Amino acid sequence: MFCRHAMSTDVITAGPDQTIRDALALLARHRIRAVPVVDAEGHLVGQFGLDAMLASLLPTALTVDHHDMMNVNMRLDYLLDATPNVAKHLHDLLPMALSSVMNTKVQVVHRDTPLWEGIRLLVQQGSPIPVVDETSHALVGLLSSQGATGRLMELIGESR
Amino acid sequence: METLVWNTPMLVSALVLAATFAGIFTEGVHHMHRTKVAMLGAAAMVFSGQIFGFYGPDEALHAIDWNVIFLLGSMMVIIAIMIPTGGFQAMAFWIARISGGRQFPLLVMLGTAVTLLSLLLDNVTTVVIFGPLIVLICQVLKVSPIPYLLAAALLSDTGGVATLVGDPPNLMIGSAANIDFNTFFLRMGGVVFGAWLATILALRVLFWKELAIKTADVKFAEDIKLDDPKTWRLSLIVLGLMVVLFIFHRHLHWEAWVVATVGMVTMFLVGRHLELDPYLEKVEYALLLFFISLFVMVGGVEHSHFLEYIGQYIKPFVEDDLLVASIALLWGSAVLSAAIDNIPFTAAMIPILLSMETQGLNVTPLWWCLAMGVGMGGNGTHIGSTANVFIVTLSERLAQKERDPTLAITPGLWFRKGTPAMLATLLVCTVLLVVFFDFFSAPIHIK
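Residues numbered from 1 in each chain as written. Chains lettered and ligands numbered in written order. Predicted model: local features only at pLDDT ≥ 70, side-chain atom pairs only at ≥ 80, totals over all residues.

(A) Spotlight on the overall build of chain A. Counting its regular elements, chain A contains seven helices and five strands. Listing every helix and strand of chain A by position from the N terminus yields α-β-β-α-α-β-α-α-α-β-β-α. Along the first, second and third principal axes, the C-alpha atoms of chain A reach 50 × 35 × 30 Å. Burial analysis of chain A (160 residues in total) assigns 27% to the buried set. Across chain A, the fraction of contacts at a sequence separation of at least 24, relative to all contacts at a separation of at least 6, is 59%. (Helix = DSSP H or I, 4+ residues; strand = E, 2+ residues; numbered from the N terminus. Buried ≥ 20, exposed ≤ 12 C-beta atoms within 10 Å, placed from the backbone. Contact = placed C-beta atoms within 7 Å.)

Structure follows, in structure tokens:
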């Protein structure tokens, strides 16, 4: 059983020049949490998701320091009434191009990656995981938690 | 006292020392970690010592100042226990709240907190705790974090000079010259107070425009529960106990490391919920290994009598005019510490001063000048101390993330704002040294 048996090939994608506003509308329309970003030739160049977008709204102080000795565990409940400012920050982000905020270090799998390994990556890296062609790096599908679970259910005869 | 004659062991040990120091100080060029260079140097010293008969593994083991290693290691563990409790963050936000949006009081209070913490904690630890908190507070107050980050870097180095345990060079000096906690604080406390004042005033003048800006109106929560109030209270009690033990350590016949280790062990025994591994993992073994390697290496140079040989050329100057020699050492070590790592420099200076002491010279003011020079001199450049490097790196990452190059502390900015502040502190030190020279040259040990 390989990832190609569980991936969905009907993938919604975004382009690197699209704005965050457009991408958010796309996510809302299709009720999805993340979208692969592909260039004109269909090559995967990044991924844009709601979680990463929200992470970019956190103060940089929380993410700037990766000194491993100190995880300062900074909390934000010391600040009252900060939410309107956060919303304003989002407002500033909306017209920006996806290429400037998308995650470019995306974990990918190939069609021939065993599904068991694909499930490990889903658990550790989060869903969805783009499936790309091993040689051309073109996006061929998307492995999601739902897809993997559905495939496993089929295997034990419990398909929907 | 017979005159030492130049010989082969001296030459060999001097070459190993020079090559290793050159390697350590050019880390930025060859990108080999300074600890690796020091380990290589230590190995070369032990093996060449065996070949030329001036040093060997047994002597190397004795050359290591375990007082320094155990004190640093224990303090690292104590801090690793304290940070996740959230106590430091509560402290920083309390300061931000009571400063009421006025920048200078905020700078003074944050700076003072950093100075006071540096009295007990290693300088780097202090800025690692406060650096990110300063950035967060300044971001929400919508003011430039640069004056505050610079203050944290400068004052952590300055505060560290005041106590035996505030900065690794002090501990090396105290351990070698047998100076206890109280004596150290009594002689250095006043100087550091003067330097603290000079730094704050210098920053006020240098950042006149930036500090005049009113901060954004931010509401801070008044009553927040810490993540782990129980452990935070325990660690404050243990730290208080440690201060008391430091004050009496001479009477207890305990070296400083015993106090720190007792503190650490108490923390783990009383804090029964504290697991060992998560905190022991936070010990910076690379730094401890760096110290061990330096001690092994400098031990070889001591055994070859090379540093004594150098010492006999310095001796006449010290005999001639102790005050001038002291001022020269203060400024010389400050300039060198601004350019290079102050720990290897201190390690090499100690045997020279010790050899002069055994020849009957009063080197007391020289110990203090070495401590002041290496402690405050590091503030002269953006790479002069590890605390500075941390703060500069933090500001660079912030500038990169915020896409705002003005947030980065560049070498030029440091030269315009940090270096003048450092010169102000050194001037204060010099004036105090000249005015109270009898106080600084009074013998340390009451016989």
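(B) Highlighting helix α14 (residues 256-270) of chain B. Helix length check: α14(B), at 15 residues, gives a terminal C-alpha distance of 21 Å against a target of 21 Å (1.5 Å per residue), a fit within 8%. Of the residues making up α14(B), those classed as buried are B:Ala256, B:Trp257, B:Val259, B:Ala260, B:Gly263, B:Met264 and B:Met267. (Expected span 1.5 Å × (residues − 1).)

(C) Highlighting the interface of chain B and chain A. Between chain B and chain A, the contact holds 26 residues from the first and 18 residues from the second. Broken down by element, the side of chain B that touches chain A gets its largest block of residues, eight residues, from helix α8 (residues 123-141) of chain B. Each residue belonging to the side of chain B that touches chain A can be placed in one class, and the counts come to 16 nonpolar, three polar and seven charged. Summarising the sheet, strand β3 (residues 79-80) of chain A and strand β1 (residues 219-220) of chain B pair through two bridges and their orientation is antiparallel. Its bridge partner lying in β1(B), A:Leu80 is registered against B:Lys219. (Nonpolar A, V, L, I, M, F, W, Y, C, P; charged D, E, K, R; others polar. Pairing = 2+ DSSP bridges.)

(D) Structural view of the pairing of strand β5 (residues 139-143) of chain A. Residue and element names in this part refer to chain A. Within β5, five of the five residues are buried, which leaves the element mostly enclosed by the surrounding structure. Pairing between strand β4 (residues 129-132) and β5: four bridges, direction antiparallel. For valine 131, the partnering residue across the bridge sits in β5 and is glycine 141. Hairpin connection between β4 and β5: a loop of six residues separates the two successive antiparallel strands, and histidine 137 in this loop has a positive phi of roughly 65°.

(E) Examining the pairing of strand β1 (residues 34-38) of chain A more closely. All names here are of chain A. A large share of β1 lies buried, amounting to five of its five residues. In β1, alternate side chains face the same way, and those of Ala34, Pro36 and Val38 on one face and Val35 and Val37 on the other are all buried. Linking β1 back to strand β2 (residues 44-49) in an antiparallel pair, the connection comprises five residues, with glycine 42 at a positive phi of about 85°.

(F) How the structure looks around the environment of A:Arg111. All names here are of chain A. Tracing the chain through its elements places arginine 111 in the loop between α5 (98-101) and α6 (115-125). We classify arginine 111 as partly exposed; it has 15 C-beta atoms within 10 Å. Arginine 111 sits 107 residues away from arginine 4 along the chain, and the two C-alpha atoms are 4.6 Å apart.

(G) A look at the packing of helix α10 (residues 168-177) of chain B against helix α19 (residues 342-358) of chain B. Residue and element names in this part refer to chain B. Axis separation between α10 and α19 bottoms out at 10 Å; the angle between their running directions is 15°. Accordingly, the angle class assigned to the pair α10 and α19 is roughly parallel. The two elements α10 and α19 cross, and the hand of that crossing is right-handed. Listed contacts from α19 to Pro168, Pro169, Met172, Ile173 and Ala176 of α10 are Asn342, Ile343, Thr346, Ala347, Ile350 and Leu354. (Axes fitted to C-alpha atoms, helices over the stretch in contact; angles between N-to-C directions. Parallel < 35°, antiparallel > 145°, perpendicular 65-115°, else oblique. Left-handed = near helix turned anticlockwise from the far one by under 90°.)

(H) Up close: the nonpolar core. Ranked by size, the top nonpolar core spans 153 residues in total, and within it B:Ile134, B:Leu149, B:Ala152, B:Ala256, B:Trp367 and B:Ile391 carry the most contacts. Of the residues forming this core, the biggest block, 13 residues, is contributed by α8(B). Not counting chain neighbours up to four residues away, the residues in contact with B:Leu149 comprise B:Gly131, B:Ile134, B:Ile391, B:Leu394, B:Ser395 and B:Ile409. A:Cys3, A:Leu44, A:Leu122 and A:Ala148 belong to the second largest nonpolar core, which has 25 residues in total. (Core = buried A, V, L, I, M, F, W, Y, C linked by C-beta atoms within 7 Å.)

(I) Quick peek at unusual backbone geometry. Residue A:Pro128 is bonded to the preceding A:Ser127 through a cis peptide linkage, with omega at -5°. By the secondary structure assignment, A:Pro128 is in the loop between α6 and β4. Its identity as a non-glycine residue notwithstanding, A:His137 has a phi of 65°, on the positive side. Its place among the elements puts A:His137 in the loop between β4 and β5. Positive phi, close to 60°, is recorded for B:Lys142, a residue that is not glycine.

(J) Examining the environment of B:Phe47 more closely. Relative to the helices and strands, B:Phe47 is located in helix α3 (residues 34-52). For the pair B:Phe47 and B:Pro57, spaced 10 residues apart in sequence, the C-alpha to C-alpha distance is 8.3 Å.

(K) Focus on the packing of helix α13 (residues 229-247) of chain B against α14(B). Residues and elements named next belong to chain B. Two elements in contact, α13 and α14, have axes whose closest approach is 10 Å; the angle formed by their N-to-C orientations is 155°. One way to sum up the angle between α13 and α14 is to call them roughly antiparallel. In the packing of α13 onto α14, the handedness of the crossing is right-handed. Packed against α13, whose contacting residues are Leu234, Ser235, Val238, Leu241, Met242, Leu245 and Phe246, the element α14 presents Ala256, Val259, Ala260, Val262, Gly263, Thr266, Met267 and Val270 at the interface. When grouped by side-chain class, the residues that make up the contact of α13 with α14 number 12 nonpolar, three polar and no charged.

That is the geometry; function is a separate question.
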